[in-house]
Amino acid sequence: MAAARLCWCRCRALLSRPAGAVRARRGLAAGPEMHFGFQTVTEEERREKIYQVFENVAKKYDVMNDSMTLGIHRVWKDILVHKMNPYPGTLLLDVAGGTGDIAFRFINYVRSVRQHQLQRKLKHHQNLSWQEIFESYQKDELNSLGDSQVVVCDINREMLKVGKQKAQHLGYTEGLSWVLGNAEELPFDDDKFDVYTIAFGIRNVTRIDLALQEAYRVLKPGGRFLCLEFSHVSNPLLSRLYDLYSFQVIPVLGEVIAGDWRSYQYLVESIRQFPPQEELKAMIEDAGFFKVDYENLNFGIVAIHSGFKL
Amino acid sequence: KMAAAGGLRRAGWRLWRGRAVVSKGSQHYPPLRALQASAALRRVSDEHKKEPLTSSSQQHFDSPPAGHQPEQKPQGPRPSYTGQGGQESEDYESEEQLQHRILTAALEFVPEHGWTAEAIAEGAKTLGLSVAAAGMFHSDGSELILHFVSECNSKLSELLQKEQKLVQLGEAEKKPIDEFLRDAVEARLRMLIPYIEKWPQALSILLLPRNIPSSLNLLTSMIDDIWHYAGDQSTDFNWYTRRAVLTGIYNTTELVMMQDSSPGFEDTWRFLENRVADAMTMSNTASQVQSTGEAVVQGLMGAAVTVSNAETSRAVR
């Protein structure tokens, strides 16, 4: 009888522990637990910390990208835009696109496609009068992008500032808009955009499912979701080399070039915490996207996920 | 017994094709989705289910008004190159069907944009979808071409089936083989006429190593269909030679058609007539050669027997 009572007490204790633990956690902080790199923080704390990270790195963001990835990030972003293969007239929403890398590549691509289109049109219309040719030149010269537009949205004011400066410096005048916004709660109407991209940004979003749902909401039917992000390397040898490089070299570079060890430590840790390819694919499918697929670049160091709103 | 063997061989041919096709189709299975209201996939309503399986290829030459296309269902008995239609969550059309619709809509833009992702983007636009939907397909337009070829093949077999029915009902005369083949190939090649300017581009894309399995598959199934309706019952090596010969005739006529500038493609049809006639004479010559060969052998055998008899009789004497 005593033994039974002991068991009973122990069971009650076991049952009460989880509830008690939750209550205790709730007492300590507001909101559920999340990861910030390898630390455990609450949602609110995580958002703040990430905002600070990017505030600190904004000015040196591009330089650091080049040194960390040895310039390969440019190729990755080129591949993303090639995969998108945008048709003139496309409306692109680039989320977490602070410094505008994807936006500029998109504009270049659309401009060259448009030029090809115009050349082909001219070849066909061989028997026009001079007046008609003049008029078509005027119309097309003014429309070198074919009505394509990019909206760059970022949560961080500093990153947007750097992006705007870059655009001015590089001479991008038309087709660009800069909007301050949160990926989890986009300030846009439903069914607006043809393509939604998020390059190296979704890792920093606190509620990925909300971001995916917002992506689904703002896309037109037939619209495409593209996500470029660091992912998991399955090859064990490569994985070890990659870990070595990430944890030993990158934070050091961060300290030397940007004077900020902690932010780059966070960056590297957040890559490890991010869900692997298949898991992210399942999350995208849960948000309602069809034909979800991913393409590994560099053996899984980076992956491009693509889905359609059908 | 011979008929059964022939039937088995034909079944084997189709099974091989079917297997290649089904393995492709299995890749297209969409994941099971719980109660997601689709943005673009339309409900397959009950009315459309009761309608007889209309051929989606009817849409081809009557340019459909935007957004008013009746529901397309994948062909039942004939495997299209995309394989079996994907799983449908409840009554919504599958991704496959939506892709078919987009490709069919894209065909009307081919004369202007060629067999490219741009034509597909324009097609998607007419269906009310974003131009980004063209990203579902390969950027070189191969799926558009394969879709077109498979639709043409379906139309051809329908045509041949209808003709066969008329013959069975006694309302039409059974054509002699050469005329049948000529008419079938001509009917099939005439379907290329609206796209003839961009067809050379399509042929070169179909010859890319990546596309060869599918394009070869479609070609062989079409040739097989034609011979089937021509009443070919062969069960011996003739089965292979007949198909090889007709494939040769079809391909060469197609190439001649690309360069033909005569009114109504008269030169092409005359070329076709000559090739079919050649094929007929060749088969006659072959059988003549065979019988001549046999006669020669028999003659030799007879001579040998006579000689040996003469020897024996001389020996006896």
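Taking an unreviewed UniProt entry as the reference, chain B is identified by name as Ubiquinone biosynthesis protein belonging to Copsychus sechellarum. According to UniProt, the comment filed for chain B under the heading Subcellular location (unreviewed entry) is "Mitochondrion".

An unreviewed UniProt entry lists chain A under the name COQ5 protein, from Copsychus sechellarum. Under the heading Function (unreviewed entry), UniProt records this for chain A: "Methyltransferase required for the conversion of 2-decaprenyl-6-methoxy-1,4-benzoquinol (DDMQH2) to 2-decaprenyl-3-methyl-6-methoxy-1,4-benzoquinol (DMQH2)."

This brings us to the side chain of serine 130 of chain B. Structurally, serine 130 of chain B is set in the loop between helix H5 (117-126) and helix H6 (142-168). With relative accessibility at 2%, the residue serine 130 of chain B sits in the buried group. Of the polar contacts made by the side chain of serine 130 of chain B, one reaches the side chain of aspartate 194 of chain A; its length is 2.7 Å. Ignoring anything within four residues of it in the chain, the contact list for serine 130 of chain B reads Asp194, Lys220, Pro221, Gly222 and Gly223 of chain A together with Ala124 of chain B.

Here we come to the packing of aromatic side chains. For any pair of aromatic rings, the description rests on two quantities: the centre-to-centre distance and the angle between the ring planes. All names here are of chain A. A complete count under the given rule lists 17 aromatic pairs over all chains for this structure. Ring geometry for phenylalanine 104 and tyrosine 172: centres 4.5 Å apart, planes at 5°, overall stacked. With phenylalanine 104 in helix H5 (residues 101-124) and tyrosine 172 in the loop between helix H7 (157-170) and strand E5 (176-180), this residue pair connects regions lying 68 residues apart in the sequence. The exposure classification of phenylalanine 104 matches that of tyrosine 172, with both residues buried. For the pair phenylalanine 200 and phenylalanine 230, a centre-to-centre distance of 4.8 Å together with 35° between the ring planes defines the contact as tilted.

A word on the confidence of the model for chain B. Residue and element names in this part refer to chain B. Residues with a pLDDT of 70 or more make up 72% of chain B, whose mean pLDDT is 77. Overall, residues 16-35 carries pLDDT values under 50, and its contacts beyond four positions in sequence, including any with other chains, amount to 28 contacts. Contacts for the low-pLDDT stretch residues 46-90, under 50 throughout, to residues beyond four places or in other chains number 83 contacts. For this predicted complex, the interface confidence score (ipTM) comes to 0.80, while the overall pTM stands at 0.75.

About the criteria used
Residues numbered from 1 in each chain as written. Chains lettered and ligands numbered in written order. Predicted model: local features only at pLDDT ≥ 70, side-chain atom pairs only at ≥ 80, totals over all residues. Heavy atoms only, no water. UniProt positions renumbered as here; feature names shortened; annotations may be inferred. Helix = DSSP H or I, 4+ residues; strand = E, 2+ residues; numbered from the N terminus. Buried < 20%, exposed > 50% of the residue type's maximum accessible area, 1.4 Å probe, protein only. Polar contact = N/O pair within 3.5 Å; in protein donor to acceptor, adjacent residues only side chain to side chain. Contact = heavy atoms within 4.5 Å. Phe/Tyr/Trp six-rings, centres within 6.5 Å; stacked < 30°, edge-to-face > 60°. pLDDT = per-residue confidence, 0-100.

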